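Each chain is listed here by its residues.
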Amino acid sequence: MRFEKIAPYTYRIPRQGKMRVDAVFFASEEILRDLEGENYASLQQLVNVATLPGIVEPALAMPDIHWGYGFPIGGVAAFDPEEGGVVSPGGVGFDINCGVRLLASHLTLEDLLPRQKELADTLYRLIPSGVGSERKDVRFSKKELKEILKEGAGWLIRRGFGYPEDLHFIESEGRLPWADPDKVSERAFERGAPQIGTLGSGNHFLEVQYVDQIYDEEAAEAFGLFPNQITVLIHTGSRGLGHQVCQDYVERFLKVDPRYGIELVDKQLAAAPIKSPEGQDYLQAMAAAANFAFANRQLIAHFVREAFEVVGFPPRDHGLRVLYDLAHNNAKFEEHGGKRVLVHRKGATRAFGPGHPEIPPEYRKVGQPVLVPGDMGRYSYVLSGTEKAMAVSFGSSCHGAGRKMSRHQAKRVARERNLIKELAERGILVRAATKATVDEEMPEAYKDVSVVVEAVQGAGIGKKVARLRPLIVVKG
DNA sequence: ATGTAC
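For the structure given in this document, a descriptive report is provided here. Every chain is numbered on its own, with residues counted from 1 as its sequence reads. Think of it this way: whatever chain is written first is A, whatever ligand is written first is 1, and the rest follow in order. Local features in a predicted model are, by the rule used here, given only for residues with pLDDT of at least 70; side-chain atom pairs are given and counted only at 80 or more, and totals for whole chains, interfaces and linings are based on all residues. Where side-chain values are given, they derive from all heavy atoms of the structure, hydrogens and water being excluded.

**A short note on the overall build of chain A**
Each helix is a run of DSSP H or I of at least 4 residues and each strand a run of E of at least 2, with the numbering of both proceeding from the N terminus. Within chain A, the regular secondary structure consists of 16 helices and 19 strands. As defined in this context, the radius of gyration uses C-alpha atoms, and a globule is described by 2.2 Å times the residue total to the power 0.38. A compact globule built from 476 residues would reach a C-alpha radius of gyration of about 23 Å, and chain A, at 21 Å, matches this within 12%. On the principal axes, the C-alpha backbone points of chain A span a range of 60 × 50 × 50 Å. Across the 476 residues of chain A, 63% fall into the buried class. The contact definition used throughout considers only heavy atoms, calling two residues in contact when any of these lie within 4.5 Å. Put simply, of all contacts in chain A between residues at least 6 apart along the chain, 77% involve residues at least 24 apart. Computed by Shrake-Rupley with a 1.4 Å probe, the accessible areas treat only the displayed protein chains as cover when residues are assessed. As displayed, chain A has an accessible area near 17,400 Å², and 50% of this comes from carbon and sulfur atoms. Each charge sign in chain A was given a centre, from 61 positive and 62 negative side chains, and these centres are 3 Å apart. Partly exposed residues are those whose accessible area sits between 20% and 50% of the maximum for their type, while under 20% is buried and over 50% is exposed, using a 1.4 Å probe and protein chains only. All tallies of charge rest on Lys and Arg as positive and Asp and Glu as negative; His and the ends of each chain are not included. A single reference atom marks each charge: NZ on Lys, CZ on Arg, CG on Asp, CD on Glu.

**So, the environment of threonine 231**
When you line up the elements, threonine 231 lands in strand 9 (residues 229-236). Classification of threonine 231 as buried rests on a relative accessible area of 0%. Taking the C-alpha atoms as reference points, threonine 231 and glutamate 165, 66 residues apart in sequence, are found 18 Å from one another. Residues contacting threonine 231, with those up to four places away along its chain left out, are Leu102, Leu103, Ala104, Glu207, Val208, Gln209, Tyr210, Val211, Leu225 and Leu468.

**Considering the protein's contact with DNA strand B**
Residues are labelled near a given molecule or strand when at least one of their non-hydrogen atoms is within 4 Å of it. Taken together, 14 residues lie near DNA strand B, and Val131, Arg191, Gly202, Asn203 and Arg239 sit nearest. When the atoms of DNA strand B within 4 Å of the protein are sorted by group, sugar and phosphate make up 50%. Think of a polar contact as two N or O atoms within 3.5 Å of one another; within protein, one of them needs to be a possible hydrogen donor and the other a possible acceptor, and neighboring residues in sequence only count if both atoms come from side chains. The backbone of serine 201 places a nitrogen or oxygen atom 2.9 Å from a phosphate oxygen of DNA strand B. Arginine 407 has a polar side-chain atom sitting 3.2 Å from a phosphate oxygen of DNA strand B. Elements supplying a minimum of two residues to the surface near DNA strand B: helix 7 (186-192) and helix 9 (239-256). Looking at the surface near DNA strand B element by element, the count peaks at three residues for helix 9. Counted by class, the surface near DNA strand B contains two nonpolar, eight polar and four charged residues. Each residue gets one label: Ala, Val, Leu, Ile, Met, Phe, Trp, Tyr, Cys and Pro are nonpolar, Asp, Glu, Lys and Arg are charged, and the others, such as Gly, are polar.

**A few points about helix 2 (residues 40-49)**
Within helix 2, seven of the ten residues are buried, which leaves it mostly tucked inside the rest of the structure. Taken together, the buried positions of helix 2 are Ser42, Leu43, Gln45, Leu46, Val47, Asn48 and Val49. Looking at the packing, one finds that the buried side of helix 2 touches strand 2 (10-13), strand 3 (23-26), helix 1 (29-36), strand 4 (55-66) and strand 5 (73-79).

**With respect to the pairing of strand 16 (residues 380-384)**
Counting buried residues in strand 16 gives five out of five residues, a clear majority hidden from the surface. Every second residue of strand 16 is oriented toward a common face, with Ser380, Val382 and Ser384 on one face and Tyr381 and Leu383 on the other, all of them buried. Bridge analysis of strand 15 (residues 369-372) against strand 16 gives four bridges, and the strand direction is antiparallel. Opposite proline 369, over in strand 16, you have serine 384 as the bridge partner. The pairing of strand 16 with strand 19 (residues 463-475) spans five bridges and is antiparallel. In the sheet register, tyrosine 381 faces strand 19, and the bridge partner there is arginine 467. In this description, strands pair whenever DSSP reports at least two bridges between them.

Here it is as structure tokens:
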């Protein structure tokens, strides 16, 4: 396919074939080489997205783009409900409202190191991880679960799992208000019920980290970050519940697409008009799953605090507060270019710039925090949203490093090695449900996230604030 | 991502 450079770190694929709009992606020279080689299929997926009805120009991809179900991961697409715009489960992803929550503490590296091992063991004990993991200690009835699906993180805070001020630092206050639990299948309920407060598997993780680099003093101060500070990053989503919602609605949409005259270049793009009953049902079920994910991260944060307390840091000492909780798999109505559009972000984050009313007042002057996990051996970044992102990417930025090796390939490379030991020798304590997950997730399996961040900053859709290095990693 | 093939 043909594309052209239109700005620093920014490329356009002009409308061609069945595309309704141009596509734009952000990349460095290094990322571009990958996109012209092994990662070419993900650009083709971006072109496919541009064929969907009612899409608002342009179809977008962040620098961490890679192949996904239907839409590429790292994709952003906005649809106009007044122009036949659609909603697509594949544009949100199977793990509805997957995201990351960053907790910032009062502790420093020196405070933590003497208790590092004990804390690693305690976190692993208090936070179930792995495929099919369940909580035995906190269970919710069907009626309570329905309330959680309507209310999100706030429901748990009311029950004492968290501090009231947590809510204020969660994207959308931890709740998508149009949720309707009655649009969620019985099977999804059954799968989700025991999974609130569990990490899951794959790239999901919990990390204890320290701040090793500050790039923007003003933003770091606004976010309350300082050198050598201990932070905790939680990455998880809506577990089996969101997965089941996605599956249910892909199947339902495929049946009705011919009736709505929606021609799909790929079945995995299954979509329904936003204004159709099916589209509305999915949006309400998706919001319910999103609220489940916000609640999941809330309950995990509660047990992170408890773990710090168990190893001898009372709340006054650990001071763990929610710096921000940011989703990277959802679809939300937002104002862009004077229009109300449905923005799908799949493996992409919201990155609203300075002054936006949806940013907590404490951060509003510098833009919203954008949390960008890397890999378990290197580092993660905190960025800030920008005005430019509002203008060119529907207020969106990247969500992570992106894989470099397939899971299979990584396992083959890691087979002869003892990654847990290697990482321990570098001061990173890993606690994981299975060796296979650690192998698949080894640092070399991922692109260096600093490459992605360089492209984001170069394109102007995010600004570096701080870098975080891992000390403890809990994996599925 | 995922009761990793209901």
